[in-house]
Amino acid sequence: MSTVATAPVRTEPATRAYPPGHEPVHHYLLEPGPGPDVRGFARVWPTIKAWATTVDHKRIGVMYLFTVSLFFAVAGIAALGVRAELMNPGSDFLTADQYNRLFTFHGVVMVFLFIVPSIPASLGNFALPIQLGAKDVAFPKLNLASYYIFLAGASIALYAIFTGGIDTGWTFYTPYSDTTNTAVLPMTLAVFVAGFASILTGINFIVTIHKMRAPGLTWNRLPLFIWALYAVSIVQILATPVIGITMLLLAMERFLNIGIFDPALGGDPVLFQHFFWFYSHPAVYIMILPAFGVISELMGVFSRQKVFGYRAIALSSVAIAMLGFFVWGHHMFVSGQSPLSSIVFSVITFLIGVPSGIKVLNWVATMYKGSVWLATPMLYALAFLFLFTIGGLTGIMVGAIGVDIHLHDTYFIVAHFHYVMMGGTVFAMIGGLFYWWPKMFGKMMSERWGRISAVVAFFGFNMTFFTQFVLGSQGMPRRYFTYLDQYHDLHMVSTVGSWFLGLGLLMVLGNMIWSLFRGKPAPGNPWGAATLEWTHTTSPPDHHNFHRTPLVTHGPYDYDALFAGDGSGDGTGGDGSAGRVPGMPAPVPNPEQGGPQEMHKSVDLGLAQPKSKHD
Amino acid sequence: MEDKGTFWLPPQASTTAHEIDALFNFILWASVVVMAGVTFYMVYYAWKYRRRSHADRPVEVHPSKWLELSWVIIPSLLVLVVFFWGFQTFVSAGIAPDNSYEIRVVGKKWLWEFEYPNGSTSVGDLYVPVGEPVQLVMTSTDVLHSFYIPSFRVKHDAVPNRYTTVWFEVKEAGEYQVFCTEYCGTSHSEMYAKVIAVDRGTFNEWLQTGGGGDDLPLPRLGEQLYTQQACNACHSIDGSAKVGPSWLGTWGEVRPFADGGSAVMDANYTVESIVAPQAHIVQGYENAAMPAYPNLTERQLAGIVAYIREINGDWSDEDAAAAAASDSTAAPADSAAVPAADPAAEPVPAE
């Protein structure tokens, strides 16, 4: 009855006070919206502007994620085209020249625009500062600059592709690349420019890891993902300039007719291969090391067990990064380098197999007496273990010089590096995406479809690429537009497999898009992980990641610290109870909760898990 | 051939193939064992220690130095074994015996040319004697190529301005496929050749005649050359355009040149296109650098012309009879069908 005007009803409990800027709905993804009177373009402009000029590592990570995913999709469609053409010998729907452009497009885009930046620039940019307990990377503006440099490089590459394409293969071997009339110059420029993005990101990460760790986060408490990114950054800084110089020399040769690589001008074509692989072999480790880091995280979290041989895994990343500089010659056993160098490169190649083997065995051992949760990220991690082990063992095969002479430049090589790059890096990246997605976007992906996608992609991958091992050892050379009838059956199987693989990846994409709109709100720590991005901040995190700098009192995989609810200690961590919280509930994933995260003092202090009923 | 090869490897046709296969098989089976072990423990642990409740608190596992050391040391030893074995095969399979028979090989877009010690040449077919070591001294005239014979387990790049070698000794007479395995452009995937291994007597006979075909009628000789000289890598006979123009549907037509002139495709122009392909390039094929074939005999040139005429339906019985007559009475150079390939015999420019 009463129409007495009352003060607006407070929906928030009065007892809960939030610092300004840390209200429950405040997180890095959202801009404060304009008033309802603002319409049209003016409504979205502030958001666009805020994202385009952001120096927030999380936003830059998300932008990288979007960009590299786009390139992955485009280059993946090209791969499906390549496989479709190879289903039958002869020309199905492409001419030889179109086919050569298509496989080059696939290779160049996948390598330089997708896989080199993939994990470090997207997941790394997002997770690294939070795992360190830092507000941002050391040089936030440089971080944004490297994104735009990458975009510039990518635009030049796209320009090259749409003005005639390039048909040299992603390796640009001379003298073919000197003589072909396709767009080699713009493409080399693109690689040159994109390289700077890689270098700047590397510098940024190294400085961040050295200078911005939270108190208590010693080197022995660094998450293994950080160790991997640290090793990768070293390689990026040391190796990338070489490809830049090589591309510059190639451009000079084509543009100014200075004889460097072209025998017609007095150059040496094998020199190009030395230069090229001096970058591109370390680059292989730029591609795979971050994946090692992701897998270490996943194996620990989803086994709820300390990663077995933490130090061995951390140091083997660094060992691989260092040794990786001395093996480039194993790409050139049949190219005309001296037999002595071949032998030296062969022995170092085998040495580098050892640290990789150590990692695999340590990961398997991590599950021992653990509590293995076969959630989607773990399924991808296990798929990674299987596929990468095959990739690694076949690496031993092609590292043995005598055998490599038979297998070099056949489909065996194609299968080998797809097992490492796709079965390794891409599967790890998808696993990592499922893992960090709730933190990035505050939404859970569909667990059921995630698991189905893992199974379908795993099946399709093996069908596509295992057949190629047999094709290769039977002598089928790579980069062939058509082939002899004896290889027909296996090519057919491989092509059909590529459809399953494509379907699996499509499910992942669908799952991501679905989750953004329909996904359940993510709790702060849905997986029960023990690293800072899960224990000390909300999903998605605040603009500045943490309200107070966290104090790190335990290692990255000390899950018992999360469980210790025995009531001992005062909960401050000052008594050696390592931040144990009295009565702290087990980190049970509970998708029913969540939504805009509420912050509590104990979360800031690292004494409580964000977003649980008790918060 | 009895040897059909295995699931993994093609037949072993050279004397060194079994060494490489032995190492291949060793690594293969060692890998299978390792893979089985890793997979077993992966699946077993994932099942045995599966999470039953989200409140599961696993037992702490103390790292074992010895266990960790064991999987540093054992793999190191294994890979060193593999390295020495691979090194040994590389050396023993890589050094040609002193008494090797030497054949020069030139790779060019997109054919393989072979030159024998007595000056004979062949394209696309490499004749070798069985049971003797043969060393190929290879180079390239344009871009990188790679000479690969799967059944012999040999491969090496052919590099411009350099000589590289491979050697092999064929165990049994037969034909063996050769691939180019270094990407070299449009017709890379059709840069085939064949190794034809014959006994020494047949080989010597072949060396004298330089490929034979003397007793074939001209169109058949042309047909043989079409694949032997690798014309098929760039020219189709079904009207479809490949790197070069098709041989079907062009005979007797006016061909416009890139430099503005044109000529009717007749015997004169055809022969000029074979011996000096760069003289007049048909529009649209400016970038298809066809190699010159200066070493073909007049009869071989006539054969190719006859073959082109035949597939275009322009080869009648009278032509055949005339050709046969000129074959038997006169030197091939006087063949009525083919005037001498003289650079001065320019096709008539239009207008």
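The structure this text deals with has already been given above.
The shown structure was predicted, so the numbers you read here are calculated from the model rather than taken from an experiment.

S.K.: I'm lost on the sheet that holds strand 3 (residues 121-123) of chain B in this one. Help?
M.R.: All names here are of chain B. An order of 3-2-1-5-8 is seen for the 5 strands of this open sheet, with the pairing classed as mixed. Both edges of this open sheet fall to strand 3 and strand 8 (164-169), since each of them pairs with a single strand only. Across the sheet, the mean angle from the axis of one strand to that of its neighbour is 25 degrees, orientation sign disregarded. Of the strand pairs in this sheet, strand 1 (residues 101-108) and strand 2 (residues 111-115) are connected by 5 bridges, and their pairing is antiparallel. In the strand pairing of strand 2, Val-106 is matched with Glu-113.

S.K.: Got a minute to help me understand the sheet that holds strand 4 (residues 125-129) of chain B in this structure?
M.R.: What holds strands together in a sheet is hydrogen bonding between their backbones, with the strands either parallel or antiparallel. All names here are of chain B. What the 5 strands build is an open sheet, ordered 4-10-9-6-7; its pairing is mixed. Pairing within the sheet leaves two strands with one partner each, and these edge strands are strand 4 and strand 7 (154-158). Neighbouring strand axes in the sheet, compared pairwise and without regard to direction, differ in orientation by 25 degrees on average. Of the pairings in the sheet, the one linking strand 6 (residues 145-149) to strand 7 comprises 5 bridges and is antiparallel in character. Each residue of the ladder has a partner; that of Tyr-148, found in strand 7, is Lys-155.

S.K.: Got a minute to help me understand the nonpolar core in this structure?
M.R.: Nonpolar side chains tend to gather and get buried jointly when the protein is soluble and globular. A:Phe172 and A:Phe384 are the most contacted members of the largest nonpolar core, which has 201 residues in total. It is helix 9 (residues 269-303) of chain A that contributes the most residues to this core, 20 residues altogether. Judged by nonpolar contacts, the second largest core, of 58 residues, contains A:Tyr487, B:Tyr101, B:Val143 and B:Cys184.

S.K.: Could you clarify how one ought to interpret a nonpolar patch on the surface in this entry?
M.R.: Residue and element names in this part refer to chain A. A cluster of nonpolar side chains, Leu-506, Leu-509, Ile-513, Leu-516 and Phe-517, forms an exposed patch at the surface whose accessible area comes to about 520 Å². In this fold, Leu-506 is placed in helix 16 (residues 488-518). On the accessibility criterion, Leu-506 (55% relative accessible area) is exposed.

S.K.: What should I look at first to understand the side chain of B:Asp157 in this one?
M.R.: By secondary structure assignment, the location of B:Asp157 is in strand 7. Despite its burial, B:Asp157 pairs with no opposite charge, the nearest such side chain being B:Lys155 at 8.0 Å. There is a polar contact of 2.8 Å between the side chain of B:Asp157 and the side chain of B:Ser146. The contact partners of B:Asp157, leaving out residues within four places of it in the chain, are A:Val334, A:Ser335, B:Met138, B:His145, B:Ser146, B:Thr164 and B:Glu182.

S.K.: I'm lost on the pairing of strand 9 (residues 174-180) of chain B in this one. Help?
M.R.: In regular strands, side chains alternate between the two faces of the sheet. All names here are of chain B. In terms of burial, strand 9 is largely enclosed, as 5 of its 7 residues are buried. In this sheet, strand 10 (residues 193-198) lies alongside strand 9 in antiparallel orientation, the contact comprising 5 bridges. Across the sheet, Gln-177 pairs through a bridge with Lys-194, a residue of strand 10.

S.K.: Would you mind going over the interface of chain A and chain B with me for this structure?
M.R.: Interface size is commonly expressed as the accessible area that is lost once the parts come together. Facing the 92 residues of chain A at the interface are 75 residues of chain B. Counting the surface lost from both chain A and chain B, the interface buries some 7,200 Å², and carbon and sulfur atoms represent 69% of this. Interface area lost by chain A to chain B is led by A:Phe308, A:His406 and A:Tyr480, which between them contribute 9%. Taken together, the connections running from chain A to chain B amount to 2 salt bridges. Taking the shortest distance from any N to any O, the salt bridge between B:Arg162 and A:Asp268 comes out at 3.1 Å. Viewed at the interface, chain B and chain A are joined by 25 residue pairs in polar contact (both at pLDDT 80 or more).

S.K.: Explain the packing of helix 8 (residues 224-256) of chain A against helix 10 (residues 310-323) of chain A to me, please; I cannot follow it from the model alone.
M.R.: Relative orientation and spacing of two packed helices are given, respectively, by the angle between their axes and the distance between those axes. Residues and elements named next belong to chain A. In the contact formed by helix 8 and helix 10, the axes pass within 9 Å of each other and the chain directions differ by 10 degrees. With respect to each other, helix 8 and helix 10 are oriented roughly parallel. Here helix 8 contributes Leu-224, Trp-227, Ala-228, Ala-231, Ile-234 and Val-235 to the contact with helix 10, which in turn contributes Tyr-310, Ile-313, Ala-314, Ser-317, Val-318, Ala-321 and Met-322. Each residue belonging to the contact of helix 8 with helix 10 can be placed in one class, and the counts come to 12 nonpolar, 1 polar and no charged.

S.K.: Sorry if this is basic, but what is going on with the packing of aromatic side chains here?
M.R.: Given two aromatic rings, one states the distance between the centres and the angle between the planes to describe the pair. All names here are of chain A. Applying the stated rule across the entire model yields 85 aromatic pairs over all chains. Between the aromatic rings of Phe-278 and Trp-328, the centroid separation amounts to 5.1 Å while the plane-to-plane angle is 70 degrees, which identifies the pairing as edge-to-face. Note that Phe-278 is positioned in helix 9 and Trp-328 in the loop between helix 10 and helix 11 (339-366), a separation of 50 residues in sequence. Trp-328 gets classed as buried once you look at its relative accessible area, which sits at 18%.

S.K.: So what exactly am I meant to see when it comes to the state of the cysteines here?
M.R.: Any covalent bond linking the sulfur atoms of two cysteines counts as a disulfide. All names here are of chain B. Taken as a whole and judged by the stated rule, the model has 0 disulfides over all chains. Of the cysteine sulfurs around Cys-184, a residue in no disulfide, the closest is that of Cys-180, at 3.9 Å. For Cys-184, a relative accessible area of 0% puts it in the buried group. With no disulfide partner, Cys-231 has as its closest neighbouring cysteine sulfur the one in Cys-234, 8.8 Å distant.

S.K.: Just to check I follow, could you spell out helix 4 (residues 118-132) of chain A for this structure?
M.R.: Count 3.6 residues to each turn of an α-helix, and residues three or four apart come out pointing the same way. Residues and elements named next belong to chain A. For helix 4, which comprises 15 residues, the first-to-last C-alpha distance of 20 Å matches the rise-based estimate of 21 Å (1.5 Å per residue) to within 8%. Taking the largest bend as the criterion, helix 4 deviates by roughly 55 degrees, centred on Gly-124. For helix 4, a buried count of 15 out of 15 residues is recorded, marking the element as mostly surrounded by other parts of the structure. Where helix 4 terminates, the next one or two residues include Gly-133, which has phi positive at roughly 75 degrees.

S.K.: Mind showing me how you'd approach the pattern of salt bridges here?
M.R.: Scanning all chains against the criterion turns up 12 salt bridges over all chains. Two residues, B:Glu113 and B:Lys108, come together in a salt bridge whose shortest N-O distance is 3.2 Å. Owing to a relative accessible area of 21%, B:Glu113 belongs among the partly exposed residues under this scheme. Here B:Arg200 ties to B:Glu132 by a salt bridge, and the two come within 2.7 Å at their closest N and O atoms. In this pair, B:Arg200 sits in helix 3 (residues 200-209) while B:Glu132 sits in the loop between strand 4 and strand 5 (133-140), placing the two residues 68 residues apart along the sequence. With a relative accessible area of 29%, B:Arg200 lands in the partly exposed category. For B:Glu132, a relative accessible area of 24% translates into the label partly exposed. Beyond isolated ion pairs, a larger network of salt bridges with shared partners links A:Lys306, A:Asp558 and B:Glu60.

Rules behind the numbers
- Residues numbered from 1 in each chain as written.
- Chains lettered and ligands numbered in written order.
- Predicted model: local features only at pLDDT ≥ 70, side-chain atom pairs only at ≥ 80, totals over all residues.
- Heavy atoms only, no water.
- Pairing = 2+ DSSP bridges.
- Helix = DSSP H or I, 4+ residues; strand = E, 2+ residues; numbered from the N terminus.
- Axes fitted to C-alpha atoms, helices over the stretch in contact; angles between N-to-C directions.
- Core = buried A, V, L, I, M, F, W, Y, C linked by side-chain atoms within 4.5 Å.
- Buried < 20%, exposed > 50% of the residue type's maximum accessible area, 1.4 Å probe, protein only.
- Patch = residues over 30% accessible without salt bridge, like charges linked within 9 Å, V, L, I, M, F, W, Y side chains within 5 Å.
- Areas by Shrake-Rupley, 256 points an atom, 1.4 Å probe, with all protein chains shown as cover.
- Salt bridge = Lys/Arg side-chain N within 4 Å of Asp/Glu carboxyl O.
- Lys, Arg positive; Asp, Glu negative; His and termini not counted.
- Polar contact = N/O pair within 3.5 Å; in protein donor to acceptor, adjacent residues only side chain to side chain.
- Contact = heavy atoms within 4.5 Å.
- Buried area = accessible area lost by both parts, 1.4 Å probe.
- Parallel < 35°, antiparallel > 145°, perpendicular 65-115°, else oblique.
- Nonpolar A, V, L, I, M, F, W, Y, C, P; charged D, E, K, R; others polar.
- Phe/Tyr/Trp six-rings, centres within 6.5 Å; stacked < 30°, edge-to-face > 60°.
- Disulfide = S-S within 2.5 Å.
- Expected span 1.5 Å × (residues − 1).
- Bend = angle between axes of the 7 residues up to and from the residue.

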